[in-house]
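# Working through the structure, step by step
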Amino acid sequence: MQILRSWWRVRYPLYVLGLLVGMVMMWLPFKTFQDNDAWESRLRVHGVPAQAVVDELVHKRRNTMHVRYEFGGAQRQAEVGCWEVCLPAGSAVPIWVNPNDPGDLVTDFGILSGHRGRLQGVVGAAGLTLSGWMVLAVIARLYQRRRDRRQGDGQRQQRDQRQRQFLNARPGTKRKPSRRQRNPD
């Protein structure tokens, strides 16, 4: 039993560490979402306004619009995710383009180019799973300790009852059959 208790003491910091790592992993998508919102606002202020035309709308696992626009005298193309607003091919969309990176843009309806945050979403889901497993492991271990304590209490009660029976036994009333005195006839 002592070995199990010491093993719990070794694993407990690992459970806490796993819980903390999982919580940080869950925080990452929220941080990315805030950063993307800040970048969208910054592009609207410091970006160069332009007009884009939806080239095609792709329906796969994620809906994507391919847009064409002219920037710096060159024809450019970018992908824009469309989970809220999907425009048909040929539609015009006002955009703001990053002057330092012409492939970086924000649309009029607030969507940044590319598929940002997809990896962070997967990491967040993994963090949720990890945190959930660590919480369940701690709860299961505490339940196990409680059950062990109850079993120990039951065993302790049985042991105490046997000791009381032994101590309360009246001496000399019961003898072994081999020590009986024979009646002399």
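Residues numbered from 1 in each chain as written. Predicted model: local features only at pLDDT ≥ 70, side-chain atom pairs only at ≥ 80, totals over all residues. Heavy atoms only, no water.

Our focus in this paragraph is the pattern of salt bridges. Note that side chains of opposite charge can pair when their charged atoms are close. Summed over the entire model, instances satisfying the criterion amount to three salt bridges. Across the salt bridge formed by Arg44 and Glu40, the nearest N and O atoms sit 3.5 Å from each other. Of this pair, Arg44 and Glu40 both sit in helix 1 (residues 2-46), four residues apart, which is roughly one turn of that helix. Judged by its relative accessible area of 29%, Arg44 falls in the partly exposed class. (Salt bridge = Lys/Arg side-chain N within 4 Å of Asp/Glu carboxyl O. Helix = DSSP H or I, 4+ residues; strand = E, 2+ residues; numbered from the N terminus. Buried < 20%, exposed > 50% of the residue type's maximum accessible area, 1.4 Å probe, protein only.)

Taken as a whole, this structure holds one disulfide when the rule is applied. A sulfur-sulfur separation of 2.4 Å characterises the disulfide bridge that pairs Cys82 with Cys86. Taking the torsion about the S-S bond as the criterion, the Cys82 to Cys86 disulfide, at about 95 degrees, is right-handed. (Disulfide = S-S within 2.5 Å.)

Relative to the elements of secondary structure, Thr129 occurs in helix 2 (residues 118-168). Residues Thr129 and Gly22 lie 107 residues apart in sequence; the distance between their C-alpha atoms is 7.5 Å. Separated by 3.0 Å, the side chain of Thr129 and the backbone oxygen of Ala125 make a polar contact. (Polar contact = N/O pair within 3.5 Å; in protein donor to acceptor, adjacent residues only side chain to side chain.)

Counting 15 residues, the largest nonpolar core has Val67, Tyr69, Val80, Ile95, Val97 and Leu105 as its most contacted members. At four residues, strand 2 (residues 63-71) tops the list of elements feeding residues into this core. Setting aside chain neighbours within four positions, we find Ile95 in contact with Val48, Pro49, Ala50, Gln51, Ala52, Tyr69, Leu105, Val106 and Thr107. (Core = buried A, V, L, I, M, F, W, Y, C linked by side-chain atoms within 4.5 Å. Contact = heavy atoms within 4.5 Å.)

Right, let's talk about the side chain of Thr64 for a bit. As for its position among the elements, Thr64 is in strand 2. With a relative accessible area of 7%, Thr64 lands in the buried category. In contact with Thr64, not counting residues within four places along its chain, are Glu56, Leu57, Val58, Glu79, Val80, Cys82 and His115.

The strands that make up a sheet are held in pairs by hydrogen bonds between backbone atoms, and each pair lies either parallel or antiparallel. Reading across the sheet, the five strands line up as 3-2-1-4-5 and stay open at both edges, with antiparallel pairing between neighbours. The open sheet has two free edges, formed respectively by strand 3 (74-81) and strand 5 (105-107), since each of these has just one partner strand. Sheet twist, expressed as the mean angle between neighbouring strand axes with direction ignored, is 40 degrees. (Pairing = 2+ DSSP bridges. Axes fitted to C-alpha atoms, helices over the stretch in contact; angles between N-to-C directions.)

Quick look at a nonpolar patch on the surface now. Side chains of Tyr12, Val16, Leu20 and Met23 sit close together on the surface and give an oily, nonpolar patch of about 370 Å² of accessible area. Structurally, Leu20 can be placed in helix 1. (Patch = residues over 30% accessible without salt bridge, like charges linked within 9 Å, V, L, I, M, F, W, Y side chains within 5 Å. Areas by Shrake-Rupley, 256 points an atom, 1.4 Å probe, with all protein chains shown as cover.)

Summarising the sheet, strand 2 and strand 3 pair through eight bridges and their orientation is antiparallel. Looking across to strand 3, one finds that Glu70 is bridged to Gln75. Where strand 2 hands over to strand 3, the hairpin turn is made up of two residues, of which Gly72 adopts a positive phi near 65 degrees.

Before going further, it helps to spend a moment on the environment of Asp37. Mapped onto the elements of the fold, Asp37 is located in helix 1. A relative accessible area of 34% places Asp37 in the partly exposed class. Between the alpha carbons of Asp37 and Gly110 there is a distance of 8.6 Å; along the sequence they are 73 residues apart.

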